[in-house]
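# Overview (structure and organization)
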Amino acid sequence: MTQVTDTEPDVGDDVVLLTVPADGGYLGVLRTATAGLAARLHFALDEIEDLRIAVDEACAMLLAIATRNAELECRFAVTEDALTVEVTVATVRGAKLPSESSFAWKVLTALTTSAEAQANGRYATIRLLTRRTDF
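What counts and what doesn't
Residues numbered from 1 in each chain as written. Predicted model: local features only at pLDDT ≥ 70, side-chain atom pairs only at ≥ 80, totals over all residues. Heavy atoms only, no water. Axes fitted to C-alpha atoms, helices over the stretch in contact; angles between N-to-C directions. Helix = DSSP H or I, 4+ residues; strand = E, 2+ residues; numbered from the N terminus. Left-handed = near helix turned anticlockwise from the far one by under 90°. Contact = heavy atoms within 4.5 Å. Nonpolar A, V, L, I, M, F, W, Y, C, P; charged D, E, K, R; others polar. Buried < 20%, exposed > 50% of the residue type's maximum accessible area, 1.4 Å probe, protein only. Pairing = 2+ DSSP bridges.

With that settled, consider the packing of helix 1 (residues 27-40) against helix 2 (residues 45-63). Put simply, helix 1 and helix 2 touch, their axes get as near as 9 Å, and they point 145° apart. Once helix 1 is placed against helix 2, the crossing between them reads as right-handed. Here Leu27, Leu30, Arg31, Thr32, Thr34, Ala35, Ala38 and Ala39 of helix 1 come into contact with helix 2, specifically with Ile48, Leu51, Arg52, Val55, Asp56, Cys59 and Leu63. Taken together, the residues of the contact of helix 1 with helix 2 break down into ten nonpolar, two polar and three charged.

Put into structure tokens, the structure is as follows:
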């Protein structure tokens, strides 16, 4: 089931929650939402494409460790000059995200302002922050 929810915004933020099945076939929904929100912030076209690629890469990392029938929960926080994308999934026991020296992390850090991850044994989250370069 795909679900879009506007939540109580943080101070001055617009927050959009989007939940999709943890299946590669639904990543296009997240890429499209990412592009739409980045366009709303007047990101340049190359910045939008970089962010779409970063979200796709982050989701692929999470899909590799997701439990069967899991859902990807994606939280978009829009501020005046930045878009934060936080993707969370339930993980299989003992799952580990790629190390920060891996090629996947090099891609994330090259395409965003910052990237970070956390895993607690039950869930894994990747948080991407991208600031508009002309701000």
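Next comes the rest of the description.
What follows concerns unusual backbone geometry. Unusually for a residue other than glycine, His42 sits at a positive phi of about 65°. Tracing the backbone through its elements, the reader meets His42 in the loop between helix 1 and helix 2. Exposure remark for His42: the relative accessible area of 63% places this residue in the exposed category. Here the phi dihedral of Asn69 falls at roughly 65°; this positive angle occurs in a residue that is not glycine. On the secondary structure map, Asn69 appears in the loop between helix 2 and strand 3 (71-78).

Of all eight residues that make up strand 2 (residues 14-21), six are buried, and the element is covered over most of its length. Relative to strand 3, strand 2 runs antiparallel, the two sharing eight bridges. Its bridge partner lying in strand 3, Thr19 is registered against Glu73.

Let us now look at the environment of Glu100. Along the polypeptide, Glu100 turns up in the loop between strand 4 (82-90) and helix 3 (103-111). Residue classification places Glu100 among the exposed positions, given a relative accessible area of 67%. Taking the C-alpha atoms as reference points, Glu100 and Ala117, 17 residues apart in sequence, are found 9.2 Å from one another. Not counting chain neighbours up to four residues away, the residues in contact with Glu100 comprise Trp105 and Lys106.

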